[in-house]
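Below are the chains, spelled out letter by letter.
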Amino acid sequence: MRSISKPLLKWFDQFGRHCLPWQAAQDIPNNPYHVWLSEVMLQQTQVTTVIDYFNNFIQYFPTLASLSNASEDEIFAQWAGLGYYARARNLHTTANIIMNQYQGNFPTEFKQVIDLPGVGESTAGAILAISFNQNHAILDGNVKRVLSRYHQVKGHYGQSKTLKELWHLARYHTPNERNADYTQAIMDLGATLCTQRKPDCEQCPIQSDCLSQQTNTQNQYPNSKPKKNKPTRSIAMLIFRDDKHNIYLQKRPNKGIWGGLWSLVECADNEKDIQQTITDFHPSALIEKGLTIFKHSFTHYHLLIHPILIHCPDVKGGFKPLSQLNIGLPKPVDNIICQLD
DNA sequence: GAAACGTGGTC
DNA sequence: TGACCAAGTTT
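Residues numbered from 1 in each chain as written. Chains lettered and ligands numbered in written order. Predicted model: local features only at pLDDT ≥ 70, side-chain atom pairs only at ≥ 80, totals over all residues.

In terms of regular secondary structure, chain A is built from 14 helices and 9 strands. Considering only C-alpha atoms, chain A reaches an extent of 75 × 50 × 30 Å along its principal axes. Taking as baseline every contact in chain A between residues at least 6 positions apart, the subset at least 24 positions apart corresponds to 68%. (Helix = DSSP H or I, 4+ residues; strand = E, 2+ residues; numbered from the N terminus. Contact = placed C-beta atoms within 7 Å.)

Spelled out as structure tokens, the structure:
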């Protein structure tokens, strides 16, 4: 079996993406802080979404030291809207680890990098390959798609057998030379030509040996995962607002959805629980009006959100002026608050 | 191995 | 409109 690295590298030089914001200029080494940050942001998140967040993030936190010195809430404020908020918490923890244990220098051993929270096998490989040209494989969604088509790998990647086979192939193709470029090249191929729908095989530098191209079965690979029904849940979100139109927000526990963000008081969406929760919060709190119920969908369930505006004196000291918030809010909470008069 | 974990884009 | 999916990791 021939490695795809040579034709891919040749293609990359001409057609690859060389101007992404986390990529250093030609002949300048990549900044491992930028590479690490981008790789974490890009987990399960599209490049077009990440670009603005990345640029904004490094403006707020230009160095690992500045990220380490920031508070968790300051980091959440810049991360809010990107999703998968454990990533933001792990970012802060990792910055502290690097400042304290590695004197601010990004670690260069695979064992050290994969031990950082939020860094798994693929991200560790990508960081070391792209930052230091080390010889590690990656297996992100692009590589999975390219290799499963090229080799007609059976099974979906929720299955460990399939994953194991893909990892084996990924390591096989990883070259000893120019692995930084190869790593970027195979991701670029997956992102720009070997896309999920309508792959542009005409332009593909490895089409001649691609089994799916030869049999015109590109759309069968990667095999799709069996679908599951998503449950729908309901929740009431109580907007306690005082005379100055400050809002009561509370920090969510790290475990669970929107962990570490600030959010509204929640309870089951029925009259009894709502009334009880309001009374418990403050005896003289009164419902102003119920707002329109809307649906917010996650990967694994749908959430019907019933926002309820409540007038309440600020006796808890937890009411926040919306204008000067520097904390992270869940997307639907941000939407609710923005629509208040 | 399976489930949890966000959000926006696409068809 | 709703299902699917995008540079995965953790429990």
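Here the domain parsing of chain A yields domain 1 (5–220) and domain 2 (232–338). For domain 1 and domain 2, the distance between their C-alpha centres works out to 36 Å. Contacts between the two partners involve 11 residues from domain 1, matched on the other side by 10 residues from domain 2. Secondary-structure elements contributing two or more residues to the side of domain 1 that touches domain 2 are α5 (72–79) and α6 (86–101). Ranked by residues supplied to the side of domain 1 that touches domain 2, first place goes to α5 with 6 residues. For the side of domain 1 that touches domain 2, the residue count by class is 6 nonpolar, 1 polar and 4 charged. (Domains from an automatic or database assignment. Nonpolar A, V, L, I, M, F, W, Y, C, P; charged D, E, K, R; others polar.)

Another point: the nonpolar core. The biggest cluster of nonpolar side chains holds 81 residues, and the ones touching the most others in it are L8, L238 and I239. Of the domains in this structure, domain 1 (5–220) and domain 2 (232–338) are the two that each give at least three residues to this core. Excluding residues within four positions of it along the chain, L8 makes contact with Y182, A185, I186, L189, P205 and I206. (Core = buried A, V, L, I, M, F, W, Y, C linked by C-beta atoms within 7 Å. Buried ≥ 20, exposed ≤ 12 C-beta atoms within 10 Å, placed from the backbone.)

A separate point is the protein's contact with DNA strand B. As a matter of local geometry, DNA strand B sits amid 23 residues, with G83, Y85, S160, G256 and K331 nearest to it. Tallied by class, residues from the surface near DNA strand B come to 7 nonpolar, 13 polar and 3 charged. (Near = placed C-beta within 6 Å.)

Here we come to the environment of N179. Take N179: it is sitting in helix α11 (residues 179–192). Considered as a pair, N179 and Q134 are 45 residues apart in the sequence and their alpha carbons are 6.6 Å apart. Beyond its immediate stretch of four places on either side in the chain, N179 contacts A129, N133, Q134, N135 and T174.

Close contacts around DNA strand C come from 29 residues, with L42, G120, T123, G141 and K227 the closest. Classifying every residue of the surface near DNA strand C gives 8 nonpolar, 15 polar and 6 charged.

On the secondary structure map, A95 appears in helix α6. Separated by 21 residues in sequence, A95 and L116 place their C-alpha atoms 9.4 Å apart. The contact partners of A95, leaving out residues within four places of it in the chain, are L64, L67 and S68.

Time to look at the UniProt feature "domain: HhH-GPD" (unreviewed entry) in chain A. In this numbering, the UniProt entry assigns the feature "domain: HhH-GPD" (unreviewed entry) to residues 41–192. With 66% helix and 0% strand, residues 41–192 has end C-alpha atoms that lie 19 Å from one another. (UniProt positions renumbered as here; feature names shortened; annotations may be inferred.)

End to end, α11 covers 19 Å across 14 residues, agreeing with the expected 20 Å (1.5 Å per residue, within 8%). Most of α11 is tucked away: 11 of the 14 residues are buried. Within the span of α11, buried status applies to N179, D181, Y182, T183, Q184, A185, I186, M187, D188, L189 and G190. Buried residues belonging to α11 abut α1 (5–15), α8 (121–132) and α9 (141–150). (Expected span 1.5 Å × (residues − 1).)

The next point concerns the packing of α1 against α11. Contact geometry of α1 with α11 gives a least axis separation of 9 Å together with a crossing angle of 80 degrees. It follows that α1 is roughly perpendicular to α11 by the angle criterion. Here S5, L8, L9, W11 and F12 of α1 lie close against α11, whose contacting residues are D181, Y182, Q184, A185, I186, D188 and L189. Across the contact of α1 with α11, the residue classes tally to 8 nonpolar, 2 polar and 2 charged. (Axes fitted to C-alpha atoms, helices over the stretch in contact; angles between N-to-C directions. Parallel < 35°, antiparallel > 145°, perpendicular 65-115°, else oblique.)

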